[in-house]
Amino acid sequence: KAAKASRSDTSRSTIAETVDDASITAQVKYALLTNRATSALRTTVHTRDGVVTLHGEVKSDAEKSLVNKLAGDVRGVRSVKNEMTVASAEHVQNR
């Protein structure tokens, strides 16, 4: 019986972690959406075990740093992997 309880506890833990990761992703996206200096529409957010990975394109290094800070400030985030790229100057002008 102890082994069954252990497996059950593991399943619950995994479900709770998944919900937490989904919540973290939603909170990061909301933080990006509500900040006028960032573009949530050009940012993809994935969270696994509290580690947030960011993909997309930003206009500047300053925006990339801000996105990183906003993601890192969300409760439950253990670390941030910022894999965003900075757009070239002429690409930004065409937007």
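Remember, predicted model here, so these are calculated numbers, not experimental data.

Each value, and the rule that gives it
- Residues numbered from 1 in each chain as written.
- Predicted model: local features only at pLDDT ≥ 70, side-chain atom pairs only at ≥ 80, totals over all residues.
- Heavy atoms only, no water.
- Salt bridge = Lys/Arg side-chain N within 4 Å of Asp/Glu carboxyl O.
- Helix = DSSP H or I, 4+ residues; strand = E, 2+ residues; numbered from the N terminus.
- Buried < 20%, exposed > 50% of the residue type's maximum accessible area, 1.4 Å probe, protein only.
- Core = buried A, V, L, I, M, F, W, Y, C linked by side-chain atoms within 4.5 Å.

Q: Would you take a moment to explain the pattern of salt bridges for this structure?
A: Between side chains of opposite charge, a pair can form when the charged atoms approach closely. Inspection of the entire model under this criterion finds 2 salt bridges. For the salt bridge of E63 with R42, the shortest nitrogen-to-oxygen distance reads 3.8 Å. A residue pair is termed long-range when its members are at least 10 positions apart, and E63 in helix α2 (residues 61-72) and R42 in the loop between α1 (2-34) and β1 (43-48) qualify at 21 residues. Its relative accessible area of 7% is what places E63 among the buried residues. Using a relative accessible area of 25% as the deciding quantity, one classes R42 as partly exposed. In this structure, K69 engages D73 in a salt bridge whose closest nitrogen and oxygen atoms are separated by 2.5 Å.

Q: Would you mind showing me how to read the nonpolar core here?
A: Nonpolar side chains tend to gather and get buried jointly when the protein is soluble and globular. Ranked by size, the top nonpolar core spans 14 residues in total, and within it I24, V28, L32, V45, V52, L54 and V67 carry the most contacts. Contributions of two or more residues to this core are made by α1, β2 (51-58) and α2. Among the elements that make up this core, the one with the highest residue count is α1 (4 residues).

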